[in-house]
Amino acid sequence: MYHLKIDGKEIDVPEGTTVLKAAKMAGIEIPTLCDHPALEPYGGCRLCLVEIEGARTLQPACTLPAGNNMVIQTQTEKVKSARTFVLSMLFSERNHFCPYCQVSGGDCELQNAAYDEEMTHWPLQPNWQVFEVDASHPYFVLDHNRCILCRRCVRACGELVGNFTLGMEERGSKTILVADLGVPLGSSSCVSCGTCVQICPTGALIDRWSAYRGHETDITSTETICVGCSIGCGINVLTRNNSLVRIEGNWDAEINGGVICEVGRFHPMAEKRNRIVTPLIRRNGVLKAATWDEALSVVSTKLQEVNTLKTGGVAAIATTRLPVEGLNLFSQIFTGQSGNNVVTSTEEGFYTSFTKDIEFSVRKEAGLEEINKADLLLTIGVNLVKDHQVAGFFVKRAIGKETNVITVTNESTGMESFTPYGKIINKGSELSFVSALNSAYHNQLHGEIMEKVGISSQEVVKLATLFKNAKNPMIIFGVEFEAKNKSDVIRALLQFASETNSKFASLKGNANSLFASQLNLDSSFTLNGSQVVFLALGDEDPSQTLTQRVENAPFIIVQASYQSALSAKADVVLPVTNWLEQNGHYVTSDGKTQEAKRALVPASDIKSNEEVFLALGSKLGLVLDENWMDAIKI
Ligand code: SF4
Ligand code: SF4
Ligand code: SF4
Ligand code: FES
């Protein structure tokens, strides 16, 4: 431990702590601009200059490691005048006419810093040079005139997202933020995660939806989780007057550490579907508004009627986006009742049924945090650019930290451009690839296997050598294999993981894919004479295939948040909350149970999925067990 004195306060800090962090630990705030807790220290803006006893010049606190017995002053006249000078330079460099800026009045770190220093003006002529505004991106706008060149966005895109889209071009007053080699952001390699927008300290990067919709002080922030996929990123949902303003990554979230993807940040903002706001019953061929009691009575009568039939019962299908509480009740209502019921999920176990029967208990799946510790990663059966993007960010940034990354896909996904070990193999040859890799690992590779795979045996030997030399290898797999028998591929992968002592993680589908599987909601679905179809769609948009498969059923009940082709064909429609309007739990793909909190209040006639299931259960005379914790098998 090092002993320091900061503004007269004595403190002991671990070796390697920066002066900025040490000051924070002592309860002393030093102003910063280019620094951000999620990024590596950079030392670009010089706003954090402090006086160190014995040092010839002022030093940047964000990059300076604390030394033993260091004496630091953060509030001397010299320090304050340096801060004002730095701020004056920043203000005069570009257009900072605050009244016209969306972040002015509380959300701009530059303006806030100036107020903190009690600045009323800056004594330098502004540089009147006009810079472009890049409005080519569908989700955000880049106004170079407000940019202070702090490079937080550049570093976030590289260090946190691993995408390296942003960079700087030119020098001095002409320095400018660029995407790729100077293309508009909208046609760049940007994957629209929005991390740069969230981390920008000024009004240079602004989000199209939330701009001018209120400052942070007018907004309620709800700490919750994203239900866009089975990773379960921590997010903050920003709302104002019960309307969604913005979604931000939670920097403190254990799973994602602040980064989120396009699906989590921007898709909910672009929601265009129409809500269902009251129960509906089809009368004389037309859907008409009804009370909850009327609608649930029609549903329960129909279900009871069908339960007495010898053939053709109920096909009950739930979305894997429902919280644990809802899925648990859904399963109790439809499983084990009399009648000939088909009970499954909208995923029909696509992501889980192949892994379900494989013995996972021997070694548990690893969490995504293990990616940071791995020195070799193999990803297969998953397109990490399109799906589970945050896992993709973890993998891409591992490449930057000199982890060897092998990506195996059937077609180009863009991942190959990040790693020298991006392999595109023949469609349907995954099993042969894994066998070849295993053989090469044991120095027994035969050339004939390679013809099927479509890459050379030398390449496979090279990959196997990486496994031989790795101390902490990890395999991340999905089930998007072209191979006919996906279970065999997964078995072979797990066998290989076991022989190479690799950790493994399987990526699944929607937010509660794993829990749905634990409830056995993963059988494939056929209408097969079902007289009634009950679709608990929640806020999922039914696929065209699902719609076509059920639209001719004699009686359709749709429990959903949004209007769809299926709700239009339903006989009864039950309006329910969307993910932002309900509390509930979700089990991540690696088995962590997390809580989602309600951020918006639903319209008065909309019920939560649990409320509907409980009311329906009571109409059916069922005793439902609300204790969901015992249903989670982890
Ligand atoms: S970025 Fe900040 S300082 Fe610049 S104009 Fe906007 S509010 Fe003012
Ligand atoms: S949105 Fe994400 S990928 Fe695109 S430039 Fe910003 S940080 Fe990079
Ligand atoms: S756009 Fe924002 S984060 Fe990026 S360099 Fe400019 S001010 Fe900094
Ligand atoms: S915050 Fe230290 S140099 Fe910018």
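Bear in mind the structure is a predicted one, so any value in this text is a computation, not a measurement. (Residues numbered from 1 in each chain as written. Chains lettered and ligands numbered in written order. Predicted model: local features only at pLDDT ≥ 70, side-chain atom pairs only at ≥ 80, totals over all residues. Heavy atoms only, no water.)

Chemist: I'd like a rundown of the sheet that holds strand 12 (residues 234-240), residues and numbers included.
Modeler: Spatially, three strands are ordered 11-12-13 in an open sheet, and the strand pairing comes out antiparallel. Two strands close off the open sheet at either side, each with one partner strand: strand 11 (220-225) and strand 13 (243-249). For this sheet, the mean angle separating the axes of adjacent strands, direction not counted, is 30°. Of the pairings in the sheet, the one linking strand 12 to strand 13 comprises six bridges and is antiparallel in character. Within strand 13, the position partnered with Val 237 by the bridge is Ile 247. (Pairing = 2+ DSSP bridges. Helix = DSSP H or I, 4+ residues; strand = E, 2+ residues; numbered from the N terminus. Axes fitted to C-alpha atoms, helices over the stretch in contact; angles between N-to-C directions.)

Chemist: Explain the packing of aromatic side chains to me, and be specific about the residues and the numbers.
Modeler: Counted by the stated rule, this structure contains ten aromatic pairs. Judged by centre distance (4.9 Å) and plane angle (50°), the ring pair of Phe 334 and Phe 534 falls under tilted. Within this pair, whereas Phe 334 is found in helix 8 (residues 324-334), its partner Phe 534 is found in strand 23 (residues 532-538), the two being separated by 200 residues in sequence. Across this residue pair, the class does not change: Phe 334 and Phe 534 are buried. Here the aromatic residues Tyr 139, Phe 140, Trp 209 and Phe 266 are joined through ring pairs into a cluster of three or more. We note Arg 275 situated over the ring of Tyr 562; from NZ or CZ to the ring centre the distance is 5.2 Å. (Phe/Tyr/Trp six-rings, centres within 6.5 Å; stacked < 30°, edge-to-face > 60°. Buried < 20%, exposed > 50% of the residue type's maximum accessible area, 1.4 Å probe, protein only. Lys NZ or Arg CZ within 6 Å of the ring centre and 35° of its normal.)

Chemist: Summarise the side chain of Asp 571; cite the residues concerned and give the values.
Modeler: Inspection of the secondary structure puts Asp 571 in the loop between helix 17 (565-569) and strand 25 (572-575). Summary of buried charges: Asp 571 has no salt-bridge partner, and the nearest side chain of opposite charge, Arg 282, is 4.2 Å away. The contact partners of Asp 571, leaving out residues within four places of it in the chain, are Leu 280, Ile 281, Arg 282, Leu 287, Pro 554, Phe 555 and Ile 556. (Lys, Arg positive; Asp, Glu negative; His and termini not counted. Salt bridge = Lys/Arg side-chain N within 4 Å of Asp/Glu carboxyl O. Contact = heavy atoms within 4.5 Å.)

Chemist: Tell me about helix 7 (residues 292-307), residues and numbers included.
Modeler: The terminal C-alpha atoms of helix 7 lie 22 Å apart, and with 16 residues this matches the ideal 22 Å at 1.5 Å per residue to within 8%. Among the residues making up helix 7, those that are buried are Trp 292, Ala 295, Leu 296, Val 299, Ser 300, Leu 303, Val 306 and Asn 307. An end-on view of helix 7 places all buried positions within 130° of arc, on one side of the element. (Expected span 1.5 Å × (residues − 1). Arc of directions from axis to C-beta.)

Chemist: An account of the side chain of Gln 389 is needed here, citing residue identities and associated values.
Modeler: By the secondary structure assignment, Gln 389 is in helix 10 (residues 389-400). At a separation of 3.4 Å, a polar atom in the side chain of Gln 389 contacts the main-chain amide nitrogen of Glu 262. Here Gln 389 is in contact with Val 191, Cys 261, Glu 262 and Leu 384, once residues within four sequence places are set aside. (Polar contact = N/O pair within 3.5 Å; in protein donor to acceptor, adjacent residues only side chain to side chain.)

Chemist: So what's going on with the state of the cysteines? Which residues, and what values?
Modeler: A complete count under the given rule lists zero disulfides for this structure. Not part of a disulfide, Cys 233 finds its nearest cysteine sulfur in Cys 226, a span of 6.2 Å. Among the residues examined, Cys 233 registers a relative accessible area of 7% and is labelled buried. (Disulfide = S-S within 2.5 Å.)

Chemist: Break down the site of ligand 3 for me, with residues and values.
Modeler: In the neighbourhood of ligand 3, 14 residues make up the surrounding shell, with Cys 147, Cys 150, Arg 151, Cys 153 and Cys 200 lying closest. In terms of residue class, the shell around ligand 3 is built from eleven nonpolar, one polar and two charged. (Near = heavy atom within 4 Å. Nonpolar A, V, L, I, M, F, W, Y, C, P; charged D, E, K, R; others polar.)

Chemist: Break down the domain arrangement of the protein for me, citing the residues and quoting the values.
Modeler: Assigned domains of the protein: these are domain 1 (2-75), domain 2 (104-114 + 124-270), domain 3 (280-349 + 513-631) and domain 4 (354-506). Computed over C-alpha atoms only, the centres of domain 1 and domain 2 are separated by 27 Å. Contact residues are listed per partner, giving eleven residues for domain 1 and 14 residues for domain 2. Both sides of the domain 1 and domain 2 interface together cover about 1000 Å² of buried area, and 64% of this is carbon and sulfur. If you look at where domain 1 meets domain 2, you find zero salt bridges. Looking at side-chain class alone, the side of domain 1 that touches domain 2 contains seven nonpolar, two polar and two charged residues. (Domains from an automatic or database assignment. Buried area = accessible area lost by both parts, 1.4 Å probe.)

Chemist: An account of the packing of helix 11 (residues 430-441) against helix 13 (residues 457-469) is needed here, citing residue identities and associated values.
Modeler: Interaxial distance between helix 11 and helix 13 falls to 8 Å at its minimum, and their mutual angle equals 60°. As the angle between them shows, helix 11 and helix 13 are arranged oblique. Viewed along their axes, helix 11 and helix 13 form a crossing whose handedness is right-handed. Of the residues in helix 13, those in contact with Phe 433, Ala 436, Leu 437, Ala 440 and Tyr 441 of helix 11 are Val 460, Val 461, Leu 463, Ala 464, Phe 467 and Lys 468. In the contact of helix 11 with helix 13, the residues fall into ten nonpolar, no polar and one charged. (Parallel < 35°, antiparallel > 145°, perpendicular 65-115°, else oblique. Left-handed = near helix turned anticlockwise from the far one by under 90°.)

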